[in-house]
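These are the residues of each chain, in order.
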Amino acid sequence: MLLLSDLPTCPGLFYGSRSRDGVLSRMRIPGGILNVQQCRTIANLVDRYSTGYLQVTNRANLQIRELHSEIAPEVWQDLQELGLASRRVEVDPIRNMMASPTAGIDRQQLLDTRPLVSAWDNYLQTHPELSELSAKFSIGFDGGEAVSIRNLRNDILLAAERRSGNSEIVFRLYLKGDTGIIIEQSQCIAVLAALTGAYLEYTKKRPRIDGKKPRLRHLLADWGAESYLEKIEKNLPFALGRRSIELSERAIAPNGNLGIHRQRQSDFSYIGIALPLGKLESKQLRKLANLAQKIASGTLRLTPWQNLVISDIPNSEVSEVKQQIADLGLHSSATRLDSCLVACAGNSGCASAATDTQTHALEIVRDLAQKLTLDRSINIHFSGCEKSCAQHQPIDITLVGIQIQQKGETIAAYNIYAGRKDLPFGRQIFPAVSVAEMPRAIERMVRVYQRFREPQESLGEFCDRWAIDKLQKLLSPDNH
Ligand code: SF4
């Protein structure tokens, strides 16, 4: 058994990783779907080994921080039996596969991706050699849901499309970008197996790049997507479909993982519950599981937006469930400042961080909540450095941590970005704003947006509409 002193850096359940606030252990939850018994077991685990809370990650995994001792082997065994731990220890740290949290219940979906998620999880569990791949290797399955994961970061994405002229649903393959390859549903696992097999071969030839296992992007840079696909085609019993199909415009519901929504099963609804920074107390998890068992199907779904969904609630029971969620100190509104708040681990969990993102995010949002009322959601992302692990595309407001000198002291500050125009963070609006000044700066941004926006315009779209010098002038403290 591994000792805490001998832990590797990529966290899994069997292999925690050391962070500044203790050992961090991560559970891979395929597709983010949990049943009642799994929830109760997780809550008990958190109470026994940690400080009473857990966190949903941006890949819909669960992580337990501040573990104070090793998890006993018999507990691991229980977790394996419940499907909460990999059957083989070696594959435990491989990244989660991502799917929409509304797979199977989304009214817009083309295809229920849950069987594919299970099939791919089973493939991973029976191919321990894939543990040689980078632990950051990631696969996403998009079934065409309104609550879409299509724009989230995955090395490989299979996105459902309807073949034009008939009702058949196929998948389009994305490797960072659209490859134009069309895959039949029955071919998906074989294609993924071939892609991972070729990636494994590449990893054997180049075991380390900059001291780390190579990422799929390194393979793509070396081989190019076309030659990668030609290599895998040689190992497949069928040719890859290169016929072009028309890509459909699919509506994506921003923050559709929050709030009350009717399911495709018309007698039922789901409720998306906001978890500020993905944090949930073990007692809240236990009570939500009890509620889901009593009133719904006993299913909780973790979302890549670090929230949680209770599905299959009879429409007549929705008000009761909403009330019980409120009794737990939680809510399902998308228009509170803490609903769409994201922060990376920050300096309590990551050596690269310049700032304590998690504490700053909660404090600043708590302060602003006293002063501002929203009528549409605003996404705010705190990043402890420019690597931006917690959010991979520009959103409404992005804050990137830095250290600055003020009156002879080194203090925490943030560069403030807004909008979606420039990668990776949007356009910089204010540089080097101290933590003390941050609430006022963000308050100005929200108030100006609320005063001058077009109907239906998000804060990011509003900022993108202005020339940067005019926007900075409009938001300047001198004008307020
Ligand atoms: S964004 Fe930077 S500080 Fe935050 S977790 Fe990633 S590496 Fe660490």
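The structure this text deals with has already been given above.
These numbers come from a predicted model, not from an experiment.

A.B. asks: What is the right way to read the overall build of the protein from this model?
C.D. replies: A count of helical and extended segments in the protein gives 12 helices and 20 strands. Rg of the C-alpha trace for the protein: 23 Å, near the compact-globule value of 23 Å for 480 residues, within the 12% margin. If one aligns the C-alpha atoms of the protein with their principal axes, the spans along those axes are about 70 × 55 × 50 Å. Of the contacts formed within the protein by residues at least 6 apart in sequence, a portion of 62% connects residues at least 24 apart.

A.B. asks: I'm lost on the packing of helix H1 (residues 36-49) against helix H2 (residues 73-81) in this one. Help?
C.D. replies: To characterise two packed helices, one gives the angle between the axes of the helices and the distance between these axes. Look at H1 against H2: their axes get within 11 Å of each other, and the N-to-C directions meet at 160°. Between H1 and H2, the crossing angle belongs to the class labelled roughly antiparallel. Handedness of the crossing formed by H1 with H2: left-handed. Residue-level contacts link Thr41, Leu45, Arg48 and Tyr49 of H1 to Glu74, Val75 and Leu79 of H2. Residue composition of the contact of H1 with H2, grouped by class: 4 nonpolar, 1 polar and 2 charged.

A.B. asks: Would you mind going over the site of the ligand with me for this structure?
C.D. replies: What surrounds the ligand is the set Cys344, Ala345, Cys350, Ser352, Ala353, Ser383, Gly384, Cys385, Lys387, Ser388 and Cys389. A per-class count over the shell around the ligand returns 6 nonpolar, 4 polar and 1 charged.

A.B. asks: Please clarify how the pairing of strand E7 (residues 139-142) should be interpreted in this entry.
C.D. replies: Moving residue by residue along a regular strand, the side chains alternate between the two faces of the sheet. Covered by surrounding structure in E7 are Ile139 and Phe141 together with Gly140 and Asp142, the residues of both alternating faces. As judged from the 3 bridges shared by strand E6 (residues 97-99) and E7, these two strands associate in the parallel manner. Looking across to E7, one finds that methionine 98 is bridged to glycine 140. Assessed by its sense of winding, the connection that carries the chain from E6 through helix H3 (residues 114-125) to E7 is left-handed.

A.B. asks: Teacher, can you tell me more about the pattern of salt bridges here?
C.D. replies: A pair can form between side chains of opposite charge whenever their charged atoms are brought close. On inspection of all chains with the given rule, the structure shows 21 salt bridges. The residue aspartate 396 makes a salt bridge to arginine 420 at a minimum N-O spacing of 3.4 Å. Taken together, the residues aspartate 396 in the loop between strand E17 (380-383) and strand E18 (397-406) and arginine 420 in the loop between strand E19 (409-418) and strand E20 (427-434) connect sequence positions 24 residues apart. Taking relative accessible area as the criterion, aspartate 396 reaches 1% and is therefore assigned buried. Residue class for arginine 420 comes out partly exposed when judged on its relative accessible area of 41%. In this structure, glutamate 457 engages arginine 465 in a salt bridge whose closest nitrogen and oxygen atoms are separated by 2.6 Å. Relative accessible area serves as the criterion here: at 41%, arginine 465 is assigned to the partly exposed category. Among the charged side chains, a salt-bridge network with shared partners connects Asp142, Arg150 and Glu161.

A.B. asks: Honestly, the side chain of glutamine 38 in this entry has me stumped. Any pointers?
C.D. replies: Positionally, glutamine 38 belongs in helix H1. A residue is classified by how much of its surface remains accessible, and glutamine 38, at 9% relative accessible area, is buried. Polar contacts involving the side chain of glutamine 38 include one to the main-chain carbonyl oxygen of leucine 82, which spans 2.8 Å. Apart from the residues within four sequence positions on either side, glutamine 38 is in contact with Ile33, Leu82, Gly83 and Leu84.

A.B. asks: What should I look at first to understand the pairing of strand E12 (residues 268-273) in this one?
C.D. replies: For E12, the buried fraction is high: 5 of the 6 residues fall into the buried class. Relative to E12, strand E11 (residues 259-262) runs antiparallel, the two sharing 4 bridges. Bridging from a neighbouring strand, arginine 262 pairs with serine 269 of E12. The hairpin turn running from E11 into E12, its antiparallel successor, is 5 residues long. Across 5 bridges, E12 lies against strand E15 (residues 308-314) in antiparallel orientation. By the bridge assignment, phenylalanine 268 is partnered in E15 with proline 314.

A.B. asks: How should the nonpolar core be read in this particular structure?
C.D. replies: Counting 47 residues, the largest nonpolar core has Met27, Ile42, Ile273, Leu288, Leu308 and Ile310 as its most contacted members. Per element, the largest residue contribution to this core is 7 residues, and it comes from H1. Setting aside anything within four residues of it in sequence, one finds methionine 27 in contact with Leu13, Ile42, Leu45, Asn61, Leu62, Ile64 and Leu84.

A.B. asks: What is the right way to read the side chain of glutamine 55 from this model?
C.D. replies: Looking at where glutamine 55 falls in the secondary structure, it is placed in strand E4 (residues 53-56). Within the structure, glutamine 55 has its side chain in polar contact with the backbone oxygen of leucine 277 (distance 3.0 Å). Within the structure, the side chain of glutamine 55 is placed 3.2 Å from the side chain of glutamine 358, a separation counted as a polar contact. For glutamine 55, the residues in contact, after removing those within four places along its chain, are Asn61, Leu62, Gln63, Arg65, Leu277, Gly278, Lys279 and Gln358.

A.B. asks: Where do I start with the environment of aspartate 78 in this structure?
C.D. replies: By the secondary structure assignment, aspartate 78 is in helix H2. Owing to a relative accessible area of 44%, aspartate 78 belongs among the partly exposed residues under this scheme. Between the C-alpha atoms of aspartate 78 and aspartate 327, which are 249 residues apart in sequence, the distance is 31 Å.

A.B. asks: Is there a simple way to think about a positive patch on the surface in this case?
C.D. replies: A cluster of like positive charges, contributed by Lys136, Arg153, Lys212, Arg217 and Lys387, occupies part of the molecular surface. With respect to the element layout, lysine 212 can be found in the loop between helix H4 (188-205) and helix H5 (216-223).

Thresholds, definitions, all that
- Numbering of residues starts from 1 in every chain and runs along the sequence as written.
- Since the coordinates come from a predicted model, pLDDT governs what is reported: local features require at least 70, and pairs of side-chain atoms require 80 or more to be given and counted, while whole-chain, interface and lining totals use all residues.
- The side-chain quantities take in all heavy atoms of the structure and omit both hydrogens and water.
- Put simply, DSSP marks the helices as runs of H or I at least four residues long and the strands as runs of E at least two long, and each gets a number from the N terminus on.
- We compute the radius of gyration from the C-alpha atoms alone; for a globule the expected value is 2.2 Å times N to the 0.38, where N is the number of residues.
- Residues are treated as being in contact if the distance between any of their heavy atoms lies within 4.5 Å.
- Structural elements are reduced to axes, namely lines fitted to C-alpha atoms, with helices fitted over the stretch in contact, and the angle between N-to-C directions of any two is expressed from 0 to 180 degrees.
- An angle below 35 degrees is read as roughly parallel, one above 145 as roughly antiparallel, one from 65 to 115 as roughly perpendicular, and any other as oblique.
- For a crossing to be left-handed, the near helix must be turned anticlockwise from the far one by less than a right angle; the clockwise case is right-handed.
- Basically, the charged four are Asp, Glu, Lys and Arg, the nonpolar ten are Ala, Val, Leu, Ile, Met, Phe, Trp, Tyr, Cys and Pro, and anything else, Gly included, counts as polar.
- For this purpose, a residue is taken to be near a molecule or strand whenever a single non-hydrogen atom of the residue falls within 4 Å of it.
- Summary of the burial criterion: residues with accessible area below 20% of their type's maximum are buried, those above 50% are exposed, and those between are partly exposed, where the area comes from a 1.4 Å probe applied to protein chains only.
- Strand pairing follows a simple DSSP-based rule, namely that at least 2 bridges must link the two strands.
- The handedness rule is simple: strands pointing away from the viewer, and a clockwise path from the first strand over the helix to the second, make the crossover right-handed.
- Salt bridges are defined by distance alone: a side-chain nitrogen of Lys or Arg within 4 Å of a carboxyl oxygen of Asp or Glu.
- Polar contact is the term for a pair of N or O atoms within 3.5 Å; when the atoms are in protein, one must be able to donate a hydrogen and the other to accept it, and sequence-neighboring residues count only if both atoms are side-chain atoms.
- Only buried residues count toward a nonpolar core, which is a set of Ala, Val, Leu, Ile, Met, Phe, Trp, Tyr and Cys residues joined through side-chain atoms within 4.5 Å.
- The residues that make up patches have over 30% relative accessible area and no salt bridge, and they are joined within 9 Å when like-charged or within 5 Å when they are Val, Leu, Ile, Met, Phe, Trp or Tyr.
- Every accessible area reported is derived by Shrake-Rupley at a probe size of 1.4 Å, with residue values counting cover from the shown protein chains alone.
- We score Asp and Glu as negative and Lys and Arg as positive, and we do not count His or the chain ends.
- Charge positions are represented by NZ for Lys, CZ for Arg, CG for Asp and CD for Glu.

Take it as geometry only, folks, not as evidence of what the structure does.
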